Amino acid sequence: MRTLNKITLVALALIIVFGVVGCQKKQAGGVVIHVLTMDQAGLKPAEIDQIAREFETLNPDIKVSMEYVGYDYVHDKIVTGMAATPPGYDAAMIDVIWPDEFIKSGYLLDVTNRVTADMKTNMFPASWNGVTRNGKIYGMPWLMDVKYFIYNKDILSKAGITAPPTTWEELVDQATTIKQKGLVEFPIMWSWAQKEAVVCDFTVLLFGNGGAFLDTSGKPAFNNEKGVQVLTWMKKTIDDGLTNPSAISSIEPDVEADFLAGKSAFAVNWLFQYSDSNDSTKSQIVGQAAFAPMPVFAAGAAAGIKGSSVDGSSSFAIMATSRYADQTWKFLTYLASNEVQMKYSAEMLPVWQNDFQGDALAKLLAATPNNPVTVPAFQAQFPYANERPTVAYYNEASAALQLAIQEALTGVKTPQQALDEAAATWVSLAGK
Amino acid sequence: MAAISPPRPRRKLSLRQQDVRTGWLLVIPALLVILGVTLWPIIYTFILSFYHAPTGLNQVRTFVGLGNYLEMIKDRTFWETIGRTMYFTIVSVSLEMVLGMAIAQLIHSHPWGWRFLRFSLIIPWAVPTIVNGAMWRWIYSADFGALNGLLMQLGLIKHYVPWLTLPNLAMPLVILADVWHTMPFVALILQAALATLPIELDEAAAVDGANAFQRFWQIRLPLLRPAILVALIARTVDAFRVFDIVYIITSSGPANRTLTITYLTYLNTFPWGNQGIGASLSFLISIFTISMALIFIRFLYHPEETQ
């Protein structure tokens, strides 16, 4: 009896062990592909889920398992997912600043031979630039986004302002008027938290002042007089009570929350803020948001700069470790197809440039109620999208710049001192 | 022809030996799993700390000996971060110990509603740290936060204060959130220890004319020393490795004023891809925490006094 009990116990232990291992089996009747993306800009999870279900109906042998995280967590999820066995993801959303790092890390599958002539010809060339290195293509364009200048029409109207600003100096004047009239306490809202968001806003301002991150020899140039002027201006708008001081701890959803609550007259944010501003379940300012071309500094305008924003595009890449590259590419092709992008264009405009011409443009404008506003805004702003540096050590370099900007904004260091230290870090990183 | 020796009779195991063998047989699979998920990563991380190890598949790793450790020790940011983490640890644990002791005493004296108080203490502790962090981030929110709303209603401020943007206040605010979350742990440990103390000593001292403070300071506190030691070590080690609450509330800002050593380790390991540096930082954290635990044991652990 005693021996029988022992055998039973050992058998139970083995059943548990093998049972757990057995759970790893491929799902019967097809494959499951795991896709990671962000829950922030672009389409909402419910919309992507809907697209995935449509794809599954067309391809019954492929199941799509979507995973959504906030933008700030996507990079780390990719890194940890790539260290896992079996690999965590078959495909992931790749921000425009990550390809160099991930290509160097060997994470991304070369899909050059999978890209069709139709895709190459009809998708925006800029969308391919984000995923092409040394002639090889590492992803499927998905979202073309830039930061937009969004203002509250009603607040400007109440302040007696007839047109939005075209220069940052005009913005200060208008914000001062709005503040003096007591319409809102802090008229301008930005995302200046110690995250990538602040580098995006700095990019907008830096290039709008005629500055650049690097000079022609590849050395840091953001700490020259152009960059210092920008950072000094940023700090002054806080000191003067025009920029909401909470911008220093805010990221893009915080900017949106502030603007949608009617607490700010001007905001710089991605496209998603516009559609949310007209959603009565989220917004107290339905119908009041409007786009204007991103202002530039007067000095920049005098030097011939017509516009400045930042490229916030992203793509989907197949992970190099994926066991289902063919099925994953099939899904990505569907996800980025002209039909799907046209259908879901309310919050994310198509990456297909042929949708912005001729009859297709009329169809695009009629596709959703937002499009008559967002399409012209995109056409006006995207040509002025500036790139952040494309280097493999970008994240660490960006962190140094984020710190410098925060040190200047909080008064810990002067703008010159802070930017000089960040530039020194960039030089050190480039030399490693 | 060699003589064939008779087969040796198989030694019969005693019942106890049979039980031991069965026990090992059952435990070995779990033991292997535990060793695999704890010991191996520690060894692997230790090895990694001697390499320049960029993140990625098939990346070339270069042996740098103590290079990663020396690079960190020479780095100003590292020492600033250590100082900041020590500040967090000392203030946070001190507040938790003092408040925890006070609440434990209160419960021990069985005032009206003490059972409800003891039960409600569990709630902040039971809340996951991530949820706690998100909650306090909202409380501190400049435009929508409860803290500003409360202070405005009390007439203590005229304008909303952007709490998390103030370099000198950000860390104290994170500490406050941490104390709210973990102080109940200390209070419950001390209250449980208080409940086991012999009441006769307290009564005898009272008869001899000792007042309440004297009885607490000279009788209960020395007897509570083992429980205090447990709470102190557990909380100090935990506080020194603080990460999640910082990640949620401030993300190390403003201007690195809440950058702690574990956060620096995370930045190096994942966003920046410096796994070698991250591994060396992990071991430096271990050295600091073990040192602090040993110091506490050296100065507080006197078993002969409590027997």
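Parameters and conventions
Residues numbered from 1 in each chain as written. Chains lettered and ligands numbered in written order. Predicted model: local features only at pLDDT ≥ 70, side-chain atom pairs only at ≥ 80, totals over all residues. Helix = DSSP H or I, 4+ residues; strand = E, 2+ residues; numbered from the N terminus. Rg over C-alpha atoms; globule rule 2.2 N^0.38 Å. Buried ≥ 20, exposed ≤ 12 C-beta atoms within 10 Å, placed from the backbone. Contact = placed C-beta atoms within 7 Å. Core = buried A, V, L, I, M, F, W, Y, C linked by C-beta atoms within 7 Å. Domains from an automatic or database assignment. Nonpolar A, V, L, I, M, F, W, Y, C, P; charged D, E, K, R; others polar. Expected span 1.5 Å × (residues − 1). Axes fitted to C-alpha atoms, helices over the stretch in contact; angles between N-to-C directions. Parallel < 35°, antiparallel > 145°, perpendicular 65-115°, else oblique. Left-handed = near helix turned anticlockwise from the far one by under 90°. Pairing = 2+ DSSP bridges.

(A) Quick look at the overall build of chain B. Secondary structure summary: chain B contains 13 helices and 2 strands in total. Here the C-alpha atoms of chain B give a radius of gyration of 27 Å, more than 25% beyond the 19 Å that 2.2 N^0.38 yields for 307 residues. Out of the 307 residues belonging to chain B, those deemed buried represent 32%. Taking as baseline every contact in chain B between residues at least 6 positions apart, the subset at least 24 positions apart corresponds to 69%.

(B) Molecular detail of the overall build of chain A. Across its full length, chain A holds 19 helices and 13 strands. Against the compact-globule benchmark of 22 Å for 432 residues, chain A has a radius of gyration of 24 Å, which places it among compact chains. Counting only C-alpha atoms, chain A reaches 90 × 50 × 50 Å along its principal axes. Taking all 432 residues of chain A together, 50% fall into the buried category. In chain A, of all internal contacts separated by at least 6 residues, the share reaching a separation of at least 24 is 73%.

(C) Region of interest: the nonpolar core. Residues and elements named next belong to chain A. Ala91, Ala92, Met319, Ala404, Ile405 and Ala422 are the most contacted members of the largest nonpolar core, which totals 133 residues. Looking at which element gives the most residues to this core, the answer is helix α18 (residues 394-409), with 10 residues. For this core, the domains that each give at least three residues are domain 1 (31-145 + 312-386) and domain 2 (148-310 + 393-431). Excluding residues within four positions of it along the chain, Ala404 makes contact with Ala418, Leu419, Glu421 and Ala422.

(D) Region of interest: the interface of chain A and chain B. Counting residues at the interface gives 32 residues for chain A and 26 residues for chain B. Among the secondary structure elements, those contributing two or more residues to the side of chain A that touches chain B are α1 (2-22), α3 (71-83), α4 (99-104) and α18 of chain A. By residue number, the principal contributor to the side of chain A that touches chain B is α18 of chain A, which donates 6 residues. Across the side of chain A that touches chain B, the residue classes break down as 14 nonpolar, 9 polar and 9 charged.

(E) How the structure looks around the domain arrangement of chain A. All names here are of chain A. For chain A, the assigned domains are domain 1 (31-145 + 312-386) and domain 2 (148-310 + 393-431). On a C-alpha basis, the centroid separation for the pair domain 1 and domain 2 is 27 Å. Every element with two or more residues in the side of domain 1 that touches domain 2 is listed here: α4, α17 (371-381) and β13 (385-386). With 5 residues, the top contributor of residues to the side of domain 1 that touches domain 2 is α17.

(F) Spatial organisation of unusual backbone geometry. With an omega of -5 degrees, the peptide bond running from Thr85 of chain A to Pro86 of chain A counts as cis. Looking at the element boundaries, Pro86 of chain A is found in the loop between α3 and β3 (91-95). One non-glycine residue with positive phi stands out, namely Asn58 of chain B, at about 55 degrees. By the element assignment, Asn58 of chain B lies in the loop between β1 (51-52) and β2 (62-63). The exposure class assigned to Asn58 of chain B is exposed, which follows from the 7 C-beta atoms found within 10 Å.

(G) Inspection of helix α4 (residues 114-126) of chain B at higher detail. Helix length check: α4 of chain B (13 residues) gives 19 Å between terminal C-alpha atoms against 18 Å at 1.5 Å per residue, within 8%. Here α4 of chain B lies mainly on the outside; 1 of its 13 residues are buried.

(H) Layout of the packing of helix α5 (residues 129-140) of chain B against helix α7 (residues 170-196) of chain B. Residues and elements named next belong to chain B. Where α5 contacts α7, the two axes come as close as 10 Å, and the packing angle between them is 135 degrees. Judged by the angle between their axes, α5 and α7 are oblique. For the element pair α5 and α7, the recorded crossing hand is right-handed. Within the contact between the two elements, α5 uses Thr129, Asn132, Gly133, Trp136 and Tyr140 and α7 uses Leu173, Ala177 and His181.

(I) Geometry of the sheet that holds strand β6 (residues 140-143) of chain A. Residues and elements named next belong to chain A. Strands sit in the order β2-β1-β3-β12-β6 across an open sheet of 5 strands; the sheet is mixed. With one partner strand each, in any of the chains shown, β2 (62-69) and β6 form the two edges of the open sheet. Neighbour to neighbour, the strand axes of the sheet diverge by 30 degrees on average, direction disregarded. The strands touched by helix α14 (residues 325-335) within the sheet are β1 (31-38), β2, β3, β6 and β12 (314-318), with β12 carrying the most contacts at an inclination of about 160 degrees.

(J) Spotlight on the environment of Met135 of chain B. As for its placement among the helices and strands, Met135 of chain B is situated in helix α5. The spatial distance from the C-alpha of Met135 of chain B to the C-alpha of Ala177 of chain B is 9.1 Å, given a sequence separation of 42 residues.

(K) Spatial organisation of the pairing of strand β9 (residues 266-269) of chain A. Residues and elements named next belong to chain A. Burial along β9 is two-sided: the face carrying Phe266 and Val268 and the face carrying Ala267 and Asn269 are both buried. In this sheet, β9 lies alongside strand β7 (residues 148-152) in antiparallel orientation, the contact comprising 4 bridges. The residue of β9 that forms the bridge with Phe149 is Val268. Taken together, the 2 bridges between strand β8 (residues 188-189) and β9 define a ladder with parallel strand orientation. Note on β9: the bridge partner recorded for Ile188 is Phe266.

(L) Structural context of the packing of helix α3 (residues 76-108) of chain B against helix α9 (residues 212-240) of chain B. Residue and element names in this part refer to chain B. Their axes nearest at 9 Å, the elements α3 and α9 cross at an angle of 145 degrees. Helix-helix and strand crossings are classified by hand; for α3 and α9 the assignment is right-handed. Residues Thr85, Phe88, Thr89, Ser92, Val93, Glu96 and Met97 of α3 pack against Ala231, Leu232, Arg235, Thr236, Ala239 and Phe240 of α9. Of the residues belonging to the contact of α3 with α9, the class tally is 7 nonpolar, 4 polar and 2 charged.

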